[in-house]
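Breakdown of the fold
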Amino acid sequence: MKRRKIAANVLIYAILILLAVIWVAPIFFLVIHSFRAEPGATVQYLLPKSLTIDNYTRLFTETELFNFPRWYKNTLIVSVASCLLSTLYVLMISYAFSRLRFRGRSGMMKAGLILNMFPGFMSMIAVYFILKAVGLTQSLLALVLVYSGSSALTYYIAKGFFDTIPTALDEAAHIDGASRATIFWRITLPLSKPIIVYTVLMAFMAPWMDYIFASVIMKDNYDNYTVALGLFQLISRENIYHYFTRFCAGAVLVAVPIALLFLFMQKYYVEGVTGGAVKG
Amino acid sequence: MADLDYLSASALKRARIRFCRWAKSLPGRIGSFFASIPRRIAGGTARIASAVGSFFRIFIRGDAFTKLSFFIMGAGCLRRRRFFTGAFYLLAQILFWIFFASFGIVYIGKLSTLGTETQGEIWNDELGIFEYTKGDNSMLVLLYGIVSVIVCALYVWVYVSSVRASYRAEREAKEGIRPPTVREGLTSLANENFHKTLLFLPTLAVVIFTVLPLVFMIAISFTNYDRFHMPPGNLFTWVGLENFRAIFGLSDTPLLGKTFGGILSWTLIWAFFATITNYVLGMLLAILINKKGIRPKKLFRTVFVLTIAVPQFVSLMFMRNLLADHGLVNVLLQQIGLIEEPIRFLTDGTLAKITVLLVNMWVGIPYSMLITTGILMNIPEDLYEASRIDGASPMMQFRKITLPYVLFITTPYLITQFVGNINNFNVIWLLSGGGPMTGDYYQGGRTDLLITWLYRITTGEQNYKLASVIGIITFVICAAFSLIVYSRSLSGKEGDFQ
């Protein structure tokens, strides 16, 4: 019996280690190629012949053609602004739906659910023309507005969370003379850390990952590119031979902060997706 | 079937019985839904009629100033010393009519034709250049026309509520109720009217960035807006259902219908397999890691979670490079001598489909692993304890405890994933770009999903009319699937969705 158990565990270890290798391999290659000294998109061998940190330093020094530091700064600005705005939207609307009773509430909730099934970038042409009509295309502000614009529709996760906070707290505060706004700011929000972290995390990560909206809105305004858009330039057909290793270096620089953020916050991610069904 | 029989049946049999019951009740339900349509229409009409009736009764019952508010908004309110409300309505009326006279009427008028005057060219002899005469721009006409219609609808709503407010002010004045001060009005926005404060900004954002584009796109799908009808040089106009007929293969270009059918079926196959493989394998992985005696759990989990944290455009572009015909994987395999010719991972139609599914597993399994892990750790240990004492095998424990528990919590997630996969732009576009392209399709490739097809014909071909139709169809498909998830909370079970 014991021997069988050990055999089973050895087998599981073998599977897990094999899988771990498969999963880590592309990331390992990405990192190792970012240090590769030889140019070229693909090489005929597994490990680079010589290593260098040139790819990293040149990202920051050779900025005439590809202004990586600037793209990095743009993305940071956009993600901070849009995550503040969308967190505000989501919390406001889900609190209203969860705690306040008013005419048209259930109709609005249903409309929100249905509208949310509509993938945003299908209507990107229309969004582009709307932005153009108000003269906002190719600007960072446009990106912020677009990223945060439809966030209110994802209210149901936060609403589900607010629903679990006992209403007795609100009533007690109400009797003590607190206004609805005070209850929202002073009582509900301090109790909602998990859902706030989840919302902030998701909204913050979106601009680092998004390619489509950014490409439609920015067109050829290189100064306002985000990193995703900029790095894509490095591996276009005419650039890939010279810039592939630098693309890898830039990718690592984008991935590291996001990876750290995600690793620390993954608990909140799970809580958010499972609708708070998982505690602990 | 008696309840006792049902309870004694096995889980599989129960599921079958439930399915049969549901299938049997389906015709009846559909029938009663259609039967209820006339009743619903009648009910709706009656409600509207009574609302209109009560609105005009205000005109008969109200005094002179309330009557006046039908023509000058806010007059009644101003008379009852509600200056803030009255001034607001008056201002709204003035602004609206300025807007309507100078802007709205022009574009609403042109909405039926989407512009008639093409931009012209006149040779200017003195300067030696072509000068353009200003023509209509169908795109702007459509956009501004829709905006004007929305503003008009809003105005009607404000108008009705202003008349109501005047009437209420009149009655309250008669009953001797003191009108609220401006200050009271403002503090009510933090209290009984707090929802207005909270909803205003998010709703505005949704209207501008979701509703308006949606309406705009639906409108475009009924026009002939494409490369050959591109403003400002050319005009486009309404063509009715022409585009929908074309995409279903009913017009003189059967290629479109064929492409649509092919891509739609691959989209559904892709969504099904991508969801199932990720879900099942992710759960298995979580169970393996969670097994007693396996350490270090945290390290294993972190390894897999790492791939979530690397932005998809990075990892997928890199994968694309690895899997190219002369990419690292092929080169290595050739050097070892396993293969002679490179494996055409992304350039052979069938192989590319398998490749994107496999790579999608690499992308997606960590997500479902992460979520299932959270749930697994939450299953009460004593359930396993008790079942072991009763002599349950590990397999049985899995089937009777773990699986139902996990399934119960993750069903909504599963269906969201399915819908998400229908629209999984990133994996397909960044990996295979929808290719390999094929002449059998209109501007389409073997691994194209509806959404990548849409993207290509928008950005490349600029065939906006077709893109809009595809967008609408995708939306309908997604909405249908999502409604299955939410229907429970939307209709019957009120407790869940209060």
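Computed from a predicted structure; not experimentally measured.

Criteria and cut-off values
- Residues numbered from 1 in each chain as written.
- Chains lettered and ligands numbered in written order.
- Predicted model: local features only at pLDDT ≥ 70, side-chain atom pairs only at ≥ 80, totals over all residues.
- Heavy atoms only, no water.
- Helix = DSSP H or I, 4+ residues; strand = E, 2+ residues; numbered from the N terminus.
- Rg over C-alpha atoms; globule rule 2.2 N^0.38 Å.
- Buried < 20%, exposed > 50% of the residue type's maximum accessible area, 1.4 Å probe, protein only.
- Contact = heavy atoms within 4.5 Å.
- Lys, Arg positive; Asp, Glu negative; His and termini not counted.
- Charge placed at Lys NZ, Arg CZ, Asp CG, Glu CD.
- Areas by Shrake-Rupley, 256 points an atom, 1.4 Å probe, with all protein chains shown as cover.
- Domains from an automatic or database assignment.
- Patch = residues over 30% accessible without salt bridge, like charges linked within 9 Å, V, L, I, M, F, W, Y side chains within 5 Å.
- Salt bridge = Lys/Arg side-chain N within 4 Å of Asp/Glu carboxyl O.
- Buried area = accessible area lost by both parts, 1.4 Å probe.
- Polar contact = N/O pair within 3.5 Å; in protein donor to acceptor, adjacent residues only side chain to side chain.
- Core = buried A, V, L, I, M, F, W, Y, C linked by side-chain atoms within 4.5 Å.
- Phe/Tyr/Trp six-rings, centres within 6.5 Å; stacked < 30°, edge-to-face > 60°.
- Lys NZ or Arg CZ within 6 Å of the ring centre and 35° of its normal.

Moving on to the overall build of chain B. What chain B contains, in helices and strands, is 19 helices and 2 strands. Relative to the compact-globule value of 23 Å for 498 residues, chain B shows a C-alpha radius of gyration of 31 Å, a clear excess of over 25%. With the C-alpha coordinates of chain B rotated into their principal frame, the extents come out at 90 × 80 × 45 Å. The buried share of chain B, taken over its 498 residues, is 44%. Counting contacts in chain B only where the partners sit at least 6 residues apart, residues at least 24 apart contribute 62% of the total. Taken together, the 46 basic and 30 acidic charged side chains of chain B have centroids lying 13 Å from each other.

Counting its regular elements, chain A contains 13 helices and 0 strands. Listing each helix as α and each strand as β along chain A from the N terminus yields α-α-α-α-α-α-α-α-α-α-α-α-α. For a compact globule of 280 residues, the expected C-alpha radius of gyration is about 19 Å, and chain A comes in at 24 Å, more than 25% above that figure. Taken along the three principal axes of its C-alpha coordinates, chain A extends 75 × 75 × 30 Å. By residue count, 53% of the 280 residues in chain A fall in the buried class. Residue pairs in contact within chain A that sit at least 24 positions apart in sequence constitute 71% of those at least 6 positions apart. Carbon together with sulfur atoms contributes 66% to the accessible area of chain A, which is approximately 13,000 Å² in total.

We now examine the domain arrangement of chain B. Split by domain assignment, chain B resolves into domain 1 (3-53), domain 2 (62-240) and domain 3 (255-497). Here domain 1 of chain B and domain 3 of chain B have C-alpha centroids that lie 33 Å from each other.

Our next topic: a nonpolar patch on the surface. Taken together, Ile269, Phe272, Phe273, Ile276, Val280, Leu281 and Leu284 of chain B make up a surface patch of nonpolar side chains, about 570 Å² in accessible area. Under the relative-accessibility criterion, Ile269 of chain B is labelled partly exposed at 42%.

Taken together, the 93 residues of chain A in the interface contact 89 residues of chain B. Of the roughly 8,400 Å² buried between chain A and chain B, counting both surfaces, carbon and sulfur atoms make up 81%. Three residues stand out in chain A for area buried against chain B, namely Trp23, Met117 and Met122 of chain A, and they jointly supply 10% of the buried area on that side. Remark: the boundary between chain A and chain B carries 0 salt bridges. Inspection of the chain A/chain B interface yields 3 residue pairs in polar contact (both at pLDDT 80 or more). Here the element with the most residues in the side of chain A that touches chain B is helix α1 (residues 2-34) of chain A; it accounts for 16 residues.

Moving on: the pattern of salt bridges. Under the counting rule described, the total for this entry stands at 12 salt bridges over all chains. For Lys159 of chain A, the salt bridge is made with Asp163 of chain A, and the minimal N-O distance between the two is 2.9 Å. Here Lys159 of chain A and its partner Asp163 of chain A are both found in helix α7 (residues 155-164), 4 residues apart, which amounts to about one turn of the helix. The exposure class of Lys159 of chain A is buried, given its relative accessible area of 3%. A salt bridge links Glu461 of chain B to Arg227 of chain B; the shortest N-O distance between them is 3.8 Å. Pair noted here: Glu461 of chain B is in the loop between α18 (450-459) and α19 (464-490) and Arg227 of chain B is in the loop between α8 (194-220) and α9 (242-247), with a separation of 234 residues, a long-range link. The class of Arg227 of chain B is partly exposed, set by a relative accessible area of 42%. Each of Arg58, Glu62 and Arg246 of chain A takes part in salt bridges that share partners, so that together they form one network.

Residue and element names in this part refer to chain A. Tracing the chain through its elements places Asp210 in the loop between α10 (193-209) and α11 (212-218). Since its relative accessible area comes to 15%, Asp210 is described here as buried. In terms of polar contacts, Asp210 uses its side chain to reach the backbone amide nitrogen of Ala214, at 3.1 Å. Contact partners of Asp210, with chain neighbours within four places excluded, come to Tyr147 and Ala228.

By size, the foremost hydrophobic cluster in this structure holds 202 residues, and its most contacted members are Leu142, Phe216, Trp270 and Trp453 of chain B. Tallying contributions element by element places helix α13 (residues 240-273) of chain A first for this core, with 14 residues. Built from parts of two domains, this core gets at least three residues from each of domain 2 (62-240) and domain 3 (255-497) of chain B. Contact partners of Leu142 of chain B, with chain neighbours within four places excluded, come to Leu111, Leu114, Phe216, Ala219, Ile220, Phe236 and Trp238 of chain B. By size, the runner-up hydrophobic cluster in this structure holds 9 residues, among which are Phe96, Phe100, Cys152 and Val158 of chain B.

Look at Gln138 of chain A: it is not a glycine, yet its phi comes out positive at around 65 degrees. Among the structural elements, Gln138 of chain A can be located in the loop between α5 (124-133) and α6 (140-149). For Gln443 of chain B, which is not glycine, the phi dihedral falls at a positive 55 degrees. Turning to its location among the elements, Gln443 of chain B is positioned in the loop between α17 (425-431) and α18.

Residue and element names in this part refer to chain B. For the coordinates displayed, the defined rule picks out 49 aromatic pairs over all chains. For the pair Tyr225 and Tyr464, a centre-to-centre distance of 4.8 Å together with 50 degrees between the ring planes defines the contact as tilted. Of this pair, Tyr225 sits in the loop between α8 and α9 while Tyr464 is found in helix α19, placing the two residues 239 residues apart along the sequence. In terms of burial, Tyr225 and Tyr464 fall into one category: buried. The ring of Phe65 is capped by Arg79, whose NZ or CZ atom sits 5.2 Å from the centre of that ring. Over the ring of Tyr441 we find Arg446; its NZ or CZ atom is 5.5 Å from the centre of that ring.

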